[in-house]
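Architecture at a glance
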Amino acid sequence: IELLKKIPGGGQHGPHAVEAGPDGKLNVMAGNHTKLVEGVSPNSPHKNYAEDFVLPRQWDGNGHAAGILAPGGHIYRTDLEGKNWELMLAGFRNSYDFSINADGEIFTFDSDMEWEWGMQWYRPTRVYHCTSGADFGWRSGSGKWPAYYADGNPPTLDVGVGCPTGTKFGYGTKFPAKYQRAYYILDWTFGRILAVHLTPNGASYEATMENFIAPKGLVTLGAPKPPLNVTDIEVANDGALYFTV
C-alpha cells in the first residue's frame with residue numbers, strides 16, 4: 001500500500017472516486033465536505049472562487065454543511081505518483097462517481113439537497129459535463145447559484161429528485177449502438193438505472209434520458225415498488241452490464 005495523498009474528508013462527503021484519464025493522469029473526485037489537499041497548484045484551472053452575496057445567506061435549517069464554503073465538491077488531476085495536484089473544477093453538491101466518454105470528456109451525476117424541495121434555491125439531481133475550470137455553483141444554504149448565472153456552468157440534464165451513486169458509459173456492452181454509447185447513472189432513492197443519451201452541441205452536449213431498469217411502480221400507476229437500491233455499475237468482458245445493490 002502506497003499513500004499518494006491525504007484527503008481530508010468528512011464522512012460520506014469525503015473522497016469518492018478515481019478514474020484514469022486519456023492523458024495518463026488520475027482524476028480524483030471529492031464531496032462538498034472535503035477540504036482541499038495540501039499543495040494544490042496555484043496554476044490550477046479552477047481558482048479565484050469566492051462567496052459573494054447581495055442578500056444575507058440563510059444557512060440550512062437542519063445544520064447541513066453550515067459553515068462549509070466554496071469550492072464544494074470538486075475534481076483534482078494528479079500524476080501517478082501523487083506529487084502534483086491541480087484543482088480542475090468544482091461546485092458540486094456531492095457527486096459520488098464520474099465517468100469519461102470516448103471524447104475524453106468527464107461527466108458526473110450530482111446530488112440535490114432533499115429537504116430544500118420547494119425552496120427557490122433547490123437544485124435537482126443533475127448530469128454535468130465537467131469542463132476544465134468550471135464552477136457549477138454549489139454554495140451552502142441559500143447561496144446556491146441558479147443555472148442562468150453567467151459565471152457558472154449550466155447542467156447538461158436536470159434529472160429530478162433522487163440520490164446519485166455509480167455511473168458508467170456503456171462502451172464494451174453487447175447492446176444496440178445507441179445503448180453502447182449511453183451514460184448509465186444510478187439512482188439509489190427510486191431504485192433505477194437511467195440511460196442518458198448525449199449529443200454533441202456546440203462546445204458541450206445536450207441530453208435526453210430514459211428509465212433503463214426501474215421498478216414497475218415508477219411506470220405503472222398502482223404497481224408495487226420493490227426496493228432496488230443500486231450502488232455501482234461496471235461493464236464486464238462478456239459484454240454484460242453488472243450492477244450492485
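For clarity, every value in this text was computed on a predicted model and none was experimentally measured.

Parameters and conventions
The written sequence of each chain sets the order in which its residues are numbered from 1. A pLDDT threshold of at least 70 governs which residues receive local features in this predicted model, and a stricter bar of 80 or more applies before side-chain atom pairs are shown or counted, although totals over entire chains, interfaces and linings include all residues. Side-chain numbers come from the whole structure's heavy atoms, not from hydrogens or water. Elements are defined by DSSP. Helices are runs of H or I of four residues or more, strands are runs of E of two residues or more, and each kind is numbered from the N terminus. The globule rule is 2.2 Å times the number of residues to the power 0.38, and the radius of gyration it is compared with is taken over C-alpha atoms. Whether two residues are in contact is decided by their heavy atoms, any of which lying within 4.5 Å being enough. Every accessible area reported is derived by Shrake-Rupley at a probe size of 1.4 Å, with residue values counting cover from the shown protein chains alone. Charge counting follows a simple rule: Lys and Arg are positive, Asp and Glu are negative, and His as well as the terminal groups are ignored. By convention, the point assigned to a charge is CZ for Arg, NZ for Lys, CD for Glu and CG for Asp. Grid spacing is 1 Å over the protein atoms alone, the probe is 1.4 Å, and a cavity is where that probe fits but cannot get out, while a pocket is an open set with protein on both sides within 12 Å along at least five of seven lines and lining residues have an atom within 4 Å of a point. Grid points are joined across faces, edges and corners, and a volume is the space filled by probe spheres set on the points. Amino acids are sorted into nonpolar (Ala, Val, Leu, Ile, Met, Phe, Trp, Tyr, Cys and Pro), charged (Asp, Glu, Lys and Arg) and polar (every other residue, Gly among them). Two strands qualify as a pair provided DSSP detects at least 2 bridges between them. Each axis is a line fitted through C-alpha atoms, taken for helices only over the stretch in contact, and angles between the N-to-C directions span 0 to 180 degrees. Planes of paired rings set the category: under 30 degrees apart is stacked, over 60 is edge-to-face and the rest tilted, where pairs are Phe, Tyr or Trp rings (Trp by its six-membered ring) whose centres lie within 6.5 Å. Residue exposure (1.4 Å probe, protein chains only): buried if accessible area is under 20% of the type maximum, exposed if over 50%, otherwise partly exposed. Counting as a charge over the ring demands two things of the Lys NZ or Arg CZ atom: a distance within 6 Å of the ring centre and an angle within 35 degrees of the ring normal. Two N or O atoms count as a polar contact when they lie within 3.5 Å, although within protein this holds only if one can serve as hydrogen donor and the other as acceptor, and sequence-adjacent residues are included solely when both atoms are side-chain atoms.

Here's the deal with the overall build of the protein chain
- Scanning the protein chain for helices and strands turns up one helix and 14 strands.
- For a compact globule of 245 residues, the expected C-alpha radius of gyration is about 18 Å, and the protein chain comes in at 18 Å, within 12% of that figure.
- Each principal axis of the C-alpha distribution contributes one length, and for the protein chain these read about 45 × 45 × 40 Å.
- For the protein chain, restricting intrachain contacts to residue pairs at least 6 apart in sequence, the fraction spanning at least 24 positions comes to 57%.
- Carbon and sulfur atoms form 54% of the exposed surface of the protein chain, whose accessible area is close to 12,500 Å².
- Taken together, the 20 basic and 26 acidic charged side chains of the protein chain have centroids lying 2 Å from each other.

Considering the layout of surface pockets
- In this structure, the largest pocket spans a volume of roughly 630 Å³.
- In terms of lining, the largest pocket is formed by 28 residues, of which the most central are F53, S142, G143, K144 and Y149.
- Taken together, the residues of the lining of the largest pocket break down into 12 nonpolar, six polar and 10 charged.

Focus: the sheet that holds strand β10 (residues 183-187)
- Read across the sheet, four strands follow the order β9-β10-β11-β12 without closing on themselves; strand pairing throughout is antiparallel. The open sheet has two free edges, formed respectively by β9 (164-169) and β12 (204-213), since each of these has just one partner strand. Across this sheet, the average inter-strand angle for adjacent strands is 25°, counted without regard to direction.
- Sheet analysis places β9 next to β10, joined by four bridges and oriented antiparallel. For P164, the partnering residue across the bridge sits in β10 and is D187.

Re the packing of aromatic side chains
- In this structure the tally under the stated criterion is 14 aromatic pairs.
- Centroid distance F107 to F169: 5.9 Å. Interplanar angle 75°. Geometry classified as edge-to-face. Of the two residues, F107 sits in strand β6 (residues 106-110) while F169 sits in strand β9, which places them 62 residues apart along the sequence. F169 shares its class with F107; the two are buried.
- Ring geometry for Y148 against Y149: centres 5.7 Å apart, planes inclined by 70°, an arrangement best described as edge-to-face.
- Residue class for Y148 comes out exposed when judged on its relative accessible area of 69%.
- Through a chain of ring-to-ring contacts, three or more aromatic side chains come together here, namely F107, F169, Y171, Y183 and Y205.
- If you follow R57 out to its NZ or CZ, it ends over the ring of W59, 4.1 Å from the centre.

What about unusual backbone geometry?
- In this model, A70 is joined to P71 through a cis peptide bond whose omega is 25°.
- Turning to its location among the elements, P71 is positioned in the loop between β2 (26-30) and β3 (73-78).
- Positive phi, close to 60°, is recorded for N48, a residue that is not glycine.
- Examined against the element boundaries, N48 turns out to sit in the loop between β2 and β3.
- Residues other than glycine seldom take positive phi values, yet A65 does so here, at roughly 60°.

Remarks on the environment of N43
- Locating N43 in the fold gives a position in the loop between β2 and β3.
- Expressed as a C-alpha distance, the spacing of N43 and G217, which sit 174 residues apart in the sequence, is 50 Å.

Structural notes on the side chain of T108
- Looking at the element boundaries, T108 is found in strand β6.
- Looking at T108, the relative accessible area reads 0%, which means it is buried.
- Side-chain polar atoms of T108 contact the side chain of S95, separated by 3.3 Å.
- In terms of polar contacts, T108 uses its side chain to reach the backbone carbonyl oxygen of D97, at 2.6 Å.
- Apart from residues lying up to four places away in sequence, T108 is in contact with M29, F92, S95, D97, F98, R126, V127, Y128, C130 and Y183.

Regarding the pairing of strand β14 (residues 241-244)
- The pairing of strand β13 (residues 232-235) with β14 spans four bridges and is antiparallel. The residue of β14 that forms the bridge with E234 is Y242.

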